[in-house]
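Now for the letters of each chain:
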Amino acid sequence: MGRIKKKGQAGAAKNYLTRNQAIRKLQISLADFRQLCIWKGIYPREPRSKKKVSKSSTASTTFYYAKDIQYLLHEPLLQKFRDQKVLEKKIARALGRGDVGDAKRLEGNASRPEKTGKPRYTLDHVVRERYPTFVDALRDLDDCLSMLFLFANLPSTASVPAKMIARCERLCLEFQQYLILSRSLTKSFLSIKGIYYQANIQGEDILWLVPYKFNQRIVGDVDFRIMGTFVEFYMTLMGFVNFRLYTSIGIKYPPKFDSVKDENAAELGALTLEGKALVGAEEPKTSQDTSHKPDAKTQAAVNKLLKKLQNADLTDGPEDTENGTVETEEVNDGAIDKFEPTAPGGDVLIQPSANENDHSTLFSNFTFYLSRETPRQPLEFLLKAFGCRRVGWDPVLGGGAFTTDELDPNITHQIVDRPPVQAATEEASDAQDNQTSQKLAVNVRVPGRIYVQPQWVWDCVNDVELKEPHLYGPGASLPPHLSPFAKPAEGSYDPTVPLEEQEPEEEALEADEDDDETAEGMDVAEDADEDEEIENEEEDKEGAEKMEEDVEEDEEEEEEDEAALRQRELEAELAGACVETEATSSKAKAKAKEQARKALAKKAKEEAEELERAKGMLSKKKRKLYEQMMYTNNKKSAEDQKLRAKRRKLEKEKEKAKGKAKGKA
């Protein structure tokens, strides 16, 4: 007979601990326990059966693995917490006895970061434990960056100290400076929540969110102590990551920080970089590449080897040029190798592209000037990350600009975000007479300069090509700003594809019928309006004269139409064919539409019958799963149909507006 097992000493009950049991085992407070779990990455677990795990009659809600709690018993931070609590109790006991000298001595021994600047503890060892390799840290950088950028924009309060905000802002600026130097930024998107950025660092895609520069209001329903605990760990992690990134490209870390420039809102301009990588960085690489030429003897040997390897059928092979180089453009045709999966369903690898390095020099040949109504911080970061070294702005936006003179002749592009305003001529003349002024009058443009709206920068960055500036001019209706991270699925609505290419046949036929009905209604309405106008014009003499002229023009047009119809009849008689009038052509079109509609209805009926027969062969479980899948698919297709209908309506309105504008012209 085996030994009788007692309840709660084996099985699932032994593998889990409640939160109160964990606190009693570690002998710390609830606040310290939360901090420790956040820093060490220990989270509550959900057991399969709470009845088997729970050792009490009351229902416990939070469980932890017993091994995780046992692991925390040897944490050095736990001893730091206990030492600090012991010291606080000694100080309180001394003050209770009235021994002020002893309390002052103990206070000097205590670690007060707000007074002495010495930290109570460091989280370096925790970062090393959680991220054994640098790639692991990069993969977990999304939440870290989003939280740091959020706290960098918050106002200082009792729960969010000013030193934490300044530290977060500096770490974010250091990371942005690295992205500018390494040209690692790839995409960006303007959303309601904020601005999304994506960077590729050592093969890892990192996506984070930066809130807009608005005045944030601290609400009471957010626990900033918990968020502050995460931020404290993320600041340590970001310091490690920035150090590794800077040293990998040969730049000294931390960069020099100018507090005076920072007070003038220079931001990225307040950091001064030093390192071997910056020596001769201004010299273009193309000059070194063009001056280098291969050795003639080596190249000749390579050419002979290439000729031997070529097949006898290939006559259009590379030929030797006068300089000894090989012309391989005709053989390669600019083709790039693509990585395709060997088996269906395999991993899809990142495909190489010809424009892989174009983003590093996208804006390198331009000089930008930012007007005071534009968002300076994201525009400066994007322009510099994509090759632009000369970015100026209005002095109201802060210091660190390349130029604050709006009339600088070196400026090629100016970013504005206000509609054209009609200014008085006197004000414009006064502005032109003032030679000391560095600002233009209202609605005055510098000749030869390109004016665009801020969205032009984002669209150029996402497509890695320079868009046409006239589509983004001041006051122009901008094209849709689509997310570069969301790729439309097959069969779903795609705003970048023309409506005719993605419209089903049934939907296209219905749209044509609606167009015909609306066109007939418009003709009837126009005829009624013309009759009313004629009745009103009969009362005036001038209206009568105009009517007579119109009647004469109509008679002339009718005569021309009759002559053209006679000519077509004669040509048809000679050819031995019948003449198609408007009535017969419209009847033929209606008949063709009716036949197409019947064919589609017949095809849909056959598909539905085939589907019902196939469903009858499925089991009950698979049939329910299939019906659920079809329900979601039909719901998505209905949403896509609404979007297509909305787009069709907008396109019709645009066509009508264009027709009216041509008629007025």
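Here the structure is a predicted model, which means the values were calculated and not measured.

I'm lost on helix α13 (residues 224-248) in this one. Help?
Note on helix geometry: an α-helix contains 3.6 residues per turn, so any two residues three or four positions apart are oriented the same way. The terminal C-alpha atoms of α13 lie 35 Å apart, and with 25 residues this matches the ideal 36 Å at 1.5 Å per residue to within 8%. Between the side-chain oxygen at the start of α13 and the backbone nitrogen of arginine 225 there is a gap of 3.2 Å, and the oxygen is on aspartate 223. Where α13 terminates, the next one or two residues include glycine 250, which has phi positive at roughly 75°.

Can you walk me through the environment of tryptophan 39 in this structure?
Along the chain, the position of tryptophan 39 falls in helix α3 (residues 30-40). With relative accessibility at 0%, the residue tryptophan 39 sits in the buried group. Along the chain, tryptophan 39 and threonine 229 lie 190 residues apart, while their C-alpha atoms are 7.8 Å from each other. Leaving out residues up to four positions away in the same chain, tryptophan 39 has contacts with Leu77, Phe81, Tyr121, Leu123, Val126, Arg130, Thr229, Glu232 and Phe233. A polar contact of 3.1 Å, which involves the side chain of tryptophan 39, links it to the backbone oxygen of threonine 229.

Got a minute to help me understand helix α12 (residues 162-182) in this structure?
Here α12 spans 31 Å end to end across 21 residues, near enough to the 30 Å set by a 1.5 Å rise per residue. One or two residues past the end of α12 sits arginine 183, with phi positive at roughly 55°.

Before we go on, may I ask you to explain the nonpolar core in this structure?
Within soluble globular proteins, side chains that are nonpolar tend to cluster in buried spots. If you look at the biggest cluster of nonpolar residues, it comprises 93 residues, and the most contacted ones within it are Phe151, Leu185, Trp208, Phe363 and Val457. Considering each element in turn, this core owes the most residues, 11 residues, to α13. When neighbours within four sequence positions are excluded, phenylalanine 151 is seen to be in contact with Val160, Met164, Ile165, Cys168, Phe224, Met227, Gly228 and Val231.

I would appreciate a short explanation of the pattern of salt bridges in the present structure.
Here the idea is simple: oppositely charged side chains can pair when their charged atoms come close. Applying the stated criterion across every chain yields a total of 18 salt bridges. Residue glutamate 46 pairs with lysine 50 through a salt bridge whose shortest N-O separation is 3.5 Å. Given the relative accessible area of 56%, glutamate 46 is considered exposed. A salt bridge links arginine 225 to aspartate 223; its shortest N-O distance comes to 3.5 Å. For arginine 225, a relative accessible area of 62% puts it in the exposed group. Under the relative-accessibility criterion, aspartate 223 is labelled partly exposed at 34%. One network of salt bridges, in which partners are shared, links Lys40, Glu75 and Glu129.

Conventions adopted
- Residues numbered from 1 in each chain as written.
- Predicted model: local features only at pLDDT ≥ 70, side-chain atom pairs only at ≥ 80, totals over all residues.
- Heavy atoms only, no water.
- Helix = DSSP H or I, 4+ residues; strand = E, 2+ residues; numbered from the N terminus.
- Expected span 1.5 Å × (residues − 1).
- Polar contact = N/O pair within 3.5 Å; in protein donor to acceptor, adjacent residues only side chain to side chain.
- Buried < 20%, exposed > 50% of the residue type's maximum accessible area, 1.4 Å probe, protein only.
- Contact = heavy atoms within 4.5 Å.
- Core = buried A, V, L, I, M, F, W, Y, C linked by side-chain atoms within 4.5 Å.
- Salt bridge = Lys/Arg side-chain N within 4 Å of Asp/Glu carboxyl O.

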